[in-house]
Amino acid sequence: MDEIPRFRMNVLAVVCVVLFAGLLTRLWYLQGIDRETFEAASREQRIRVIHEPAPRGLILDRNGVILVNNTLTTVVGATRQDINELKPEARDAMFQRLADKLTSFYASPVKKADLIDKVNDVRWGPLQFIPLVENAPKELEIFFAEHTEDFPGISVRRKTVRTYPFGTTASNILGYVGPINEKEYARKAAEEKAATVKGEAFKHYEPDDEIGKLGIEASLEDRLRGKPGKRIVEVSRTGEIIREIRHEQPEIGDDVWLTIDINAQSWGEWVLLQHQQDLRGKHDKEGRPFRAPQASAVVLSPNTGEIVVAASVPLFNPAALVNGISTPTWKELNDPKNYYPLNNYALQGQYAPGSTFKLVTAYAAVEAGLLDPPNPSGYDDTNGKYTLEGCADVKCTFRNAANAVGGYVDLTTSIRKSNDVFYYWLGHRFWAHRNQYTETAIQNAAKQFGFGQKTGVQIVEAEGNIPTPEKRRQAHKENPTAFPNGNWFTGDNLNLAIGQGEVLVTPLQLTNAYATFANGGTRYQPQIVRMVSRRADPKKPPGPSNVGTDVTIMRPVKQATLKFTGNHYERMMDGFIGVLNSSGGTAHKAFNNSPLPGTWGGKTGTAQAGSKSKPKADTSAFVIFGPMGNAAGPAYAASAILPEAGFGADIAAPTALRILRPLVSGNLPTALTVDQKAKGQTLPSVPGLDVSDSIAD
Amino acid sequence: MFPTNVKNFRARDMTAAWRHIDYLLIMAMVVLGLTGLALVHSATRFFPEGSYINRQALFLIAGTGVCVMFAAVDFTVWTKWAPWLYGAACAMLVAVLVLGSEVNNTKGWFVLGPFQLQPAEPGKIAVILMVARFLGRDDQTRGARSLAGALLILGLPMGLILLQPDLGSILVYLLIGAGMLFAGGIRGRYLVALVLVAVVGTVGILKSDTLQQYQKDRLTTFARETCPVTDKACYNVQQATIAISSGGMTGYGYGKGPQTRGNFVPAQQTDFIFTVAGEELGFAGSVVILSMFALMCWRIWLAAMVAPNREGQLICVGVLCMIVFHVFESVGMCMGIMPVTGIPLPLISSGGSSILTVFACCGLVQSVHMRKWS
């Protein structure tokens with residue numbers, strides 16, 4: 001071999017060595033140095049999490065009667081992965097066939113474009129089951145099972161849906177569930193992220209998952225929601241599942257036991273509805289119509305704060321809202337003509353309490369020593385009027401209702417007869433001696449009874465309003481146009497003393513204030529949830545024999561303790577008992593017509609609601625508690641408030657008494673199920689309200 | 001020192017061809033062939049059509065036969081027949097343009113029932129033999145005329161392949177030609193001129209519209225962080241580097257590579273088979289494979305050095321260039337340091353044409369090595 005090729009052969013060898021060295025260097029760089037970055041990329045693209053929906057927990061009443069249940073329904077859905085494997089024309093044709101097929105089974109036509117939109121919703125993972133139509137009939141399920149090759153990616157599954165065995169009963173306590181909206185979904189996703197960072201468990205949400213929208217369903221969402229199952233799978237490039245890495249079974253949510261007695265609740269609603277009907281179409285002596293747009297009643301246990309009844313009418317049908325609310329339904333629910341049935345007025349309604357507020361003023365007076373020597377213990381009401389001396393205000397003379405003349409009125413009589421002049425006197429003295437008693441002596445007492453603040457019940461409620469001089473100054477400062485007057489006058493204190501003016505209370509607050517008085521001065525937090533429990537065996541219905549490890553039992557929570565000096569408590573109690581039992585009591589007639597066993601105390605209230613330009617009938621309020629004298633303490637405090645309905649003694653008193661009576665005597669009619677209602681069954685009718693005459697309030 | 005016993009002398013005839021079989025080359029081929037069989041199985045066992053292991057084994061057996069055939073016959077006989085083989089190869093390259101099937105935008109395949117034949121592969125043998133015959137003649141001037149002749153021999157099949165068009169194969173022919181011209185002793189200034197023309201031509205082609213965008217993408221794609229959805233070459237390289245890198249030092253273990261199992265790397269049983277080795281066998285396994293290729297290359301280079309004549313030497317150089325380029329391009333593209341051109345990894349990638357060609361070429365090298373004393 002000559003020299004040139006030999007040299008060139010050596011050059012060739014060197015080139016080969018360099019090339020191999022290059023490969024080895026790159027290999028070392030990839031596998032030795034940069035491995036972790038690429039390994040993470042590998043994991044990210046092949047690991048997928050598929051979520052499986054979990055059934056929600058049930059809602060039961062205090063005795064274990066199921067108020068909200070789950071039933072199985074059939075859903076037709078799609079998996080995007082399988083559909084995307086089709087060629088565009090084939091995919092289009094498949095959607096057309098699907099739309100035609102579904103349309104033939106449903107009343108309203110199913111549009112192809114809607115189906116495509118749903119399948120392409122990027123919030124769903126490619127392997128996720130995307131629900132297209134619910135409540136699929138059996139025939140459709142069989143059809144898809146037999147025609148899998150014609151409908152690739154389309155499958156039929158079962159899922160649980162909420163059912164409400166008692167229909168509208170307690171609907172504005174229970175609330176309803178619906179598909180999660182984008183705002184809620186974003187919030188839950190953020191919460192999940194935060195929980196993951198902290199290493200806490202979180203019940204994951206998928207788009208279109210159901211979420212509690214109102215009532216208990218919303219406020220106990222975190223407990224009621226089941227823990228979705230999780231399938232962690234490894235997928236191929238084309239998205240097929242190669243193997244399952246882990247499978248966590250879905251877990252049913254916790255069951256919520258309410259303090260509500262469904263029989264008492266349904267009876268309460270029934271009485272309210274009946275009386276609402278009695279009132280409508282009638283009017284008071286001044287011609288103001290009794291519209292009774294809403295009516296509500298509360299029954300709670302003064303010893304624990306447990307709410308047994310929180311009845312509010314009008315009601316709605318939660319079953320109609322389960323799969324999302326249709327536009328007509330939404331319009332109906334928000335039409336002012338229907339008085340917003342989604343609200344529970346027992347907790348969210350805010351009304352002027354009228355004379356029922358005298359409990360607060362009386363307590364403020366005895367606490368301040370206003371009726372203790374050397375002060376007079378009563379006021380001589382000689383003409384049914386209370387006139388402010390040297391007054392330059394718009395209104396200087398304040399009158400009793402119906403201009404009644406009370407004579408000498410002490411604490412007990414003032415309550416029994418609901419004498420306004422006595423309370424004007426107290427209100428005047430509080431304001432006149434505000435340097436001694438502070439500007440807000442009455443307001444402070446109201447606060448102790450729980451007014452003007454949320455009670456803390458586990459469901460949406462309103463705050464009410466207790467006006468103060470400070471609030472008024474603030475409102476005027478912030479918006480002088482809407483609140484031209486920033487000063488607090490003596491007259492305001494007089495109005496406040498009898499629960500008029502700007503005072504607003506919720507029926508729950510009012511009832512709990514009287515419960516506080518009835519039990520001797522301990523204010524408990526009202527509770528509507530008695531227990532949250534996880535079932536030991538999720539397949540069996542909840543009950544005492546099927547309680548798992550995770551149980552939360554609500555204990556009574558003391559919020560305040562009120563002290564009464566001397567014998568003032570007994571004197572006030574005599575007054576409240578007298579309201580019902582003595583001949584001069586404002587609710588004597590009503591109680592006589594519909595008595596309860598044992599000794600009961602109560603108070604009527606009639607609050608002016610409208611204005612001169614917009615006349616409205618009065619708000620009718622009544623509170624009752626008892627039976628007194630038992631060693632165990634009073635069993636119930638109850639109230640009824642009916643706006644635009646007339647005098648408290650005429651309307652609210654008989655309403656509350658009729659609601660309470662079967663509860664006290666233990667012969668509550670059983671609540672009617674949806675089926676029974678559909679067959680036309682009703683609860684026993686109640687006597688009509690006598691709205692023809694009136695008792696001075 | 002004349003032998004006294006004729007019988008013994010004959011038994012000790014050191015020039016006998018069979019005495020000079022290169023067993024190291026055979027060992028490297030066996031190791032690579034069996035590794036390839038295992039990797040092809042791992043890459044294809046989840047394919048809907050089933051594992052390719054049986055056909056791969058069939059090709060290896062057939063390849064062994066072809067190898068034996070090419071080794072058994074004296075390489076001078078092969079060069080003698082080279083014009084016929086060359087003619088047949090060119091005829092097939094013409095025929096494939098008319099009768100062939102299009103695969104991946106390239107009309108380079110005859111489909112024969114379950115098998116596909118890629119005439120560009122056996123064409124390499126014919127071109128190596130033809131160039132070796134032409135440049136290996138004793139009367140070669142190694143000047144312009146020799147260069148022109150060799151370029152003509154190379155140009156005809158390359159032109160035909162350009163019509164398919166199969167850029168990867170053209171590059172292989174180019175490198176085979178370059179190596180053989182270089183080792184064939186063509187004068188330096190001609191070679192420099194040739195390199196200049198090649199550089200200018202390459203730049204010109206890339207700037208012009210001669211190539212389709214996807215072809216340019218392939219040639220210019222190296223590893224990138226993110227790929228546009230339409231850039232399949234980029235995706236391919238991305239997935240390949242992920243697979244190789246996540247294998248680490250020892251790999252996920254045979255049959256356990258998640259990228260391989262999930263079929264994330266397109267063409268993982270053919271051009272991108274090295275990703276399977278990288279992911280499942282790790283750095284250790286990859287180094288063994290590359291070492292076997294290095295061993296092969298060394299033995300082929302050695303065969304060239306001991307070749308009895310220039311024809312034999314040039315055959316070995318042609319085969320060496322072919323294999324080195326195949327390995328460097330195929331492995332390099334999997335690791336993102338070479339453009340994506342679609343070239344199989346010799347003896348390992350699934351596919352009959354490639355395997356039979358490499359076996360035939362190694363048979364030729366063996367034939368040269370065996371007859372080093374002739």
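Just so it is clear, the structure is predicted and the values come from calculations on it, not from any experiment.

Conventions used here
Residues numbered from 1 in each chain as written. Chains lettered and ligands numbered in written order. Predicted model: local features only at pLDDT ≥ 70, side-chain atom pairs only at ≥ 80, totals over all residues. Heavy atoms only, no water. Helix = DSSP H or I, 4+ residues; strand = E, 2+ residues; numbered from the N terminus. Rg over C-alpha atoms; globule rule 2.2 N^0.38 Å. Buried < 20%, exposed > 50% of the residue type's maximum accessible area, 1.4 Å probe, protein only. Contact = heavy atoms within 4.5 Å. Areas by Shrake-Rupley, 256 points an atom, 1.4 Å probe, with all protein chains shown as cover. Lys, Arg positive; Asp, Glu negative; His and termini not counted. Charge placed at Lys NZ, Arg CZ, Asp CG, Glu CD. Phe/Tyr/Trp six-rings, centres within 6.5 Å; stacked < 30°, edge-to-face > 60°. Lys NZ or Arg CZ within 6 Å of the ring centre and 35° of its normal. Pairing = 2+ DSSP bridges. Axes fitted to C-alpha atoms, helices over the stretch in contact; angles between N-to-C directions. Buried area = accessible area lost by both parts, 1.4 Å probe. Salt bridge = Lys/Arg side-chain N within 4 Å of Asp/Glu carboxyl O. Polar contact = N/O pair within 3.5 Å; in protein donor to acceptor, adjacent residues only side chain to side chain. Nonpolar A, V, L, I, M, F, W, Y, C, P; charged D, E, K, R; others polar. 1 Å grid on protein atoms, 1.4 Å probe; cavity = no way out; pocket = protein on both sides within 12 Å on 5 of 7 lines; lining within 4 Å. Points joined across faces, edges and corners; volume = space filled by probe spheres on them. Expected span 1.5 Å × (residues − 1). Bend = angle between axes of the 7 residues up to and from the residue.

Asks: Honestly, the overall build of chain A in this entry has me stumped. Any pointers?
Replies: The number of helices and strands found in chain A is 25 helices and 23 strands. The C-alpha radius of gyration of chain A comes to 34 Å, more than 25% above the 26 Å expected for a compact globule of 697 residues. If you line up chain A on its principal axes, its C-alpha atoms span 145 × 60 × 50 Å. Residues classed as buried in chain A amount to 52% of the 697 residues present. When contacts within chain A are restricted to residue pairs at least 6 apart in sequence, those whose partners lie at least 24 apart make up 74%.

Asks: So what exactly am I meant to see when it comes to the overall build of chain B here?
Replies: Each helix and strand in chain B was counted, giving 15 helices and three strands. Over its C-alpha atoms chain B spans a radius of gyration of 21 Å, differing by no more than 12% from the 21 Å that the globule rule assigns to 374 residues. Residues counted as buried form 55% of the 374 residues belonging to chain B. A sequence separation of at least 24 residues applies to 71% of the contacts in chain B between residues at least 6 apart. Here chain B has roughly 15900 Å² of accessible surface; of this, 68% comes from carbon and sulfur atoms. The positive charge centre, built from 26 side chains, and the negative charge centre, built from 18, are 9 Å apart in chain B.

Asks: Honestly, the packing of aromatic side chains in this entry has me stumped. Any pointers?
Replies: Centre-to-centre distance and the angle between the planes together describe a pair of aromatic rings. All names here are of chain A. Applying the stated criterion to the full structure yields 27 aromatic pairs over all chains. Three or more aromatic residues link up through ring pairs in this structure, and these residues are Y363, F449, Y514, F517, F564, Y569, F576 and F625. In this structure, K101 packs its charged tip against the face of F143, placed 4.0 Å from the ring centre. If you follow R434 out to its NZ or CZ, it ends over the ring of W431, 4.1 Å from the centre.

Asks: Got a minute to help me understand the sheet that holds strand β2 (residues 106–112) of chain B in this structure?
Replies: Backbone-to-backbone hydrogen bonds pair the strands of a sheet. The strands run either parallel or antiparallel. All names here are of chain B. One open sheet accounts for three strands, arranged β1-β2-β3; its pairing is antiparallel. On the outer flanks of this sheet lie β1 (101–103) and β3 (115–117), each paired with one strand and no other. Going from strand to strand, the sheet's axes swing by 55° on average, the running direction of each strand aside. By the bridge criterion, three bridges tie β1 to β2 in an arrangement that is antiparallel. When the sheet's bridge partners are listed, S101 is paired in β2 with W109. Sitting on the sheet, helix α5 (residues 82–99) is in contact with β1, β2 and β3, with an inclination near 90° to β2.

Asks: For this particular structure, what's the right way to read the interface of chain B and chain A?
Replies: Interface size, as often reported, equals the accessible area lost upon joining of the parts. Taken together, the contact between chain B and chain A spans 54 residues of the former and 35 residues of the latter. Summed over both partners, the interface of chain B with chain A buries about 3800 Å², with 70% contributed by carbon and sulfur atoms. Linking chain B with chain A are one salt bridge, by the criterion used here. Between E234 of chain A and R261 of chain B there is a salt bridge, with the nearest N and O atoms lying 3.5 Å from each other. Applying the counting rule to chain B against chain A returns 11 residue pairs in polar contact (both at pLDDT 80 or more). At the level of elements, α8 (167–183), α9 (188–207), α11 (232–247), α12 (258–261), α13 (274–306) and α14 (310–334) of chain B are the ones that each hand at least two residues to the side of chain B that touches chain A. Here the side of chain B that touches chain A gets 13 residues from one element, more than from any other, and that element is α13 of chain B. Looking at the side of chain B that touches chain A residue by residue, the classes come out as 33 nonpolar, 17 polar and four charged.

Asks: I'm lost on empty space enclosed by the protein in this one. Help?
Replies: It is a probe the size of a water molecule, rolled over the atoms, that shows where empty space is left. Residue and element names in this part refer to chain A. Inspection of every chain in the model, using the stated rule, returns one cavity of 30 Å³ or more. Estimated volume of the largest cavity: approximately 40 Å³. Lining the largest cavity, in full, are F449, G450, T455, Q509, N512, R523, P526 and Q559. Tallied by class, residues from the lining of the largest cavity come to two nonpolar, five polar and one charged.

Asks: What am I meant to see in α13 of chain B here?
Replies: An α-helix turns once every 3.6 residues. As a result, residues three or four positions apart point the same way. All names here are of chain B. Taking 1.5 Å of rise per residue, the 33 residues of α13 would be expected to cover 48 Å, yet its terminal C-alpha atoms sit only 32 Å apart, more than 12% below that figure. Roughly 125° is the biggest bend found in α13, and it falls at G282. Of all 33 residues making up α13, 24 are buried, and the element is well covered by its neighbours.

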